[in-house]
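Read off the chains here:
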Amino acid sequence: MKSYLEIQVPIEKDAPWFEELRSAFSDIPVRWQDGFYHITLAFLNETPEVVDLRPLLEKHLNGAYAPVLTFDKLDVFATASGMFIIYLTSTCVPESFRELIGAIRKDMKAAGFRIQSDFMLHVTLGRVRDENVTTLKQLIDRFTVPPFTLSLTDVDYRVFRGKTLYENKLKK
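Residues numbered from 1 in each chain as written. Predicted model: local features only at pLDDT ≥ 70, side-chain atom pairs only at ≥ 80, totals over all residues. Heavy atoms only, no water.

Talk me through the nonpolar core; I want residue IDs and the actual numbers.
Counting 53 residues, the largest nonpolar core has Trp17, Ile39, Leu57, Phe71, Leu88 and Met108 as the members making the most contacts within it. The element best represented in this core is helix 3 (residues 95–110), accounting for five residues. (Core = buried A, V, L, I, M, F, W, Y, C linked by side-chain atoms within 4.5 Å. Buried < 20%, exposed > 50% of the residue type's maximum accessible area, 1.4 Å probe, protein only. Helix = DSSP H or I, 4+ residues; strand = E, 2+ residues; numbered from the N terminus.)

What follows is the structure in structure tokens.
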């Protein structure tokens, strides 16, 4: 079973900066994310059925403080399938958040979970197929997202394209 651990990012789809971004890309066939904005902390290609992930997550998340991130940069990357991801990120990630993610991922690997890729802090805003990455990059580089700060409190462990298996609310 494929699954993933995410921390929700409460972005408003109708925020002025996001509406301006969608307008700037109006000539490109972007499939914009419609809510459910999040940062994937770990995507698991294989989830051992005999391992209960709840104690591992509770060890790290119970009593943990919500990271406070300032989102201030847009960029694009290509996936292995040839799709391009337009994303939002933070240029200054608190070390405590990096350490929390690193510890969770390390324990997941030790428990036999196969994590798909290294961690890259990004919030997917849109997906594009069959486009020139240079064109996308040029459009993104012309756009400035006004920095905004969010406290990220909601962590979910979910089946890929399925139900939520675990929820945790971090302390503010």
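Can you tell me about the packing of aromatic side chains, naming the residues and giving the values?
Taken as a whole, this structure holds nine aromatic pairs when the rule is applied. Judged by centre distance (5.1 Å) and plane angle (15°), the rings of tryptophan 17 and phenylalanine 18 are stacked. The class for tryptophan 17 is buried, based on a relative accessible area of 9%. Look at phenylalanine 18 and you get buried, because its relative accessible area is 0%. Seen from the ring of phenylalanine 18, arginine 22 lies directly overhead, with NZ or CZ sitting 4.5 Å from the centre. (Phe/Tyr/Trp six-rings, centres within 6.5 Å; stacked < 30°, edge-to-face > 60°. Lys NZ or Arg CZ within 6 Å of the ring centre and 35° of its normal.)

Would you mind going over the sheet that holds strand 6 (residues 84–89) in detail, with residue names and values included?
The four strands are arranged 2-8-6-5 in an open sheet whose pairing can be described as antiparallel. The two strands at the open ends of the sheet, each matched to only one other strand, are strand 2 (30–32) and strand 5 (73–78). Between one strand axis and the next, the sheet turns by 30° as a mean value, whatever way the strands run. Where helix 4 (residues 133–142) meets the sheet, it contacts strand 5, strand 6 and strand 8 (123–128), and its direction lies at approximately 175° from that of strand 5. (Pairing = 2+ DSSP bridges. Axes fitted to C-alpha atoms, helices over the stretch in contact; angles between N-to-C directions. Contact = heavy atoms within 4.5 Å.)

Account for the environment of aspartate 141, naming residues and giving values.
Structurally, aspartate 141 is set in helix 4. Under the relative-accessibility criterion, aspartate 141 is labelled exposed at 53%. Along the sequence, aspartate 141 and lysine 73 sit 68 residues apart, while their C-alpha atoms lie 9.5 Å from each other.

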